[in-house]
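In case you want the letters, here they are:
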Amino acid sequence: MTRLKQGWALSAGVVLALGVFVNVASATHSWGGYHWARTTPQFTLKLGNNVSSGWQVYLSKASSDWNSPQATGWTGAQPLLTSIVAGASNRRCSMVSGTTQVCDSNYGYNGWLGLASINIINGQHITQGSAKMNNSYFNLGTYNNPNEKQHVMCQEIAHTFGLDHQSTDGTSQNTCMDYYSNTGANAENPASTTPNYHDFEELAIIYAHLDSSSTVSSSPATKPSPNADVDVNDDDPNSWGMLVSQSNGGRSSSYERFNRDGSKTVTHVYWTLEAAAKCPSCDHRYDGGH
Ligand SMILES: [Zn+2]
Ligand SMILES: [Zn+2]
């Protein structure tokens, strides 16, 4: 055995012996380092409830699942709690400072199932977010089942925490932060409808530091942000800005738009199976009807 190979074998042995190290190394799905600025180790993010009656159960379960790291075996720091508050938005889901607004609507056959947008200042600080579910597709047979709805709701709100995906290849990592499809033969399978251990591990990493000020709303949000520069129709694909990344299979894309007030809006798009299959490497905004 060469010296190099011995070194590798030794490293692998050490890594296997220190199981905790393996776990830390595998939670690497921060979304661009984006996070809410806060001055305390734990904070509560308000989820503005603008969803219709059919979606209440999914929003409520997603909030509760993200508040329950113990269910996954995670016993470390829990920096982020969610609380559902009265919605302060509208069907277009205008963002409201310091909160995440959650909405569903018939946004049209534009190829996307779910959207998550966050507004960023000072490079990495989230000031407001929105999560939208597109009923134009969820009302169709393919997507109209509880597991698929729970998966997408759980994922879209968590993007506004600063989490990215654990996987985009369609396999189940048993987290809602993957692209397993709870459709067709898998419609009855509840895999990937809740967060897993690594999601809570990643949140603890993202929020390990404190900031000198806070971007989180501490009082009930009552009206949409008056910032007209930022408050555009984010469900209009032409408002998302530039395509900055897309997964191999074409189901996940992210876009960035720079606003006149100096902030940046970043959007994660969860495309339908059909939009992705049509042309996996295309910007699905421009590859024809869906
Ligand atoms: Zn910070
Ligand atoms: Zn996503």
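Read on for an overview of the structure. Quantities reported herein were computed from a predicted structural model and do not represent experimental measurements.

Re the coordination of the zinc ion (ligand 2)
For the zinc ion (ligand 2), the protein coordination sphere consists of Q155 (OE1), H159 (NE2) and H165 (NE2), at 2.0 to 2.1 Å. Read from N- to C-terminus, the donor residues coordinating the zinc ion (ligand 2) fall into the pattern Q-x3-H-x5-H. Take H159 and H165: they sit in the same class, and that class is buried.

A few points about the pattern of salt bridges
By the definition in use, this model includes four salt bridges. A salt bridge links K264 to E256; the shortest N-O distance between them is 3.5 Å. K264 gets classed as buried once you look at its relative accessible area, which sits at 15%. For D283, the salt bridge identified is with R285, shortest N-O distance 3.0 Å. For the pair D283 and R285, one class covers both residues: buried.

Let's talk about the side chain of S136
Examined against the element boundaries, S136 turns out to sit in helix α4 (residues 135-138). Here Y107 takes part through its backbone nitrogen, which lies 3.4 Å from a polar atom of the side chain of S136. A polar contact of 2.7 Å, which involves the side chain of S136, links it to the backbone nitrogen of G108. Ignoring any residue separated from it by four or fewer positions in sequence, one finds S136 in contact with S105, N106, Y107, G108 and Y109.

What counts and what doesn't
Residues numbered from 1 in each chain as written. Chains lettered and ligands numbered in written order. Predicted model: local features only at pLDDT ≥ 70, side-chain atom pairs only at ≥ 80, totals over all residues. Heavy atoms only, no water. Donors = N, O, S within 2.8 Å, 3.2 Å for Na, K, Ca; no water. Buried < 20%, exposed > 50% of the residue type's maximum accessible area, 1.4 Å probe, protein only. Salt bridge = Lys/Arg side-chain N within 4 Å of Asp/Glu carboxyl O. Helix = DSSP H or I, 4+ residues; strand = E, 2+ residues; numbered from the N terminus. Polar contact = N/O pair within 3.5 Å; in protein donor to acceptor, adjacent residues only side chain to side chain. Contact = heavy atoms within 4.5 Å.

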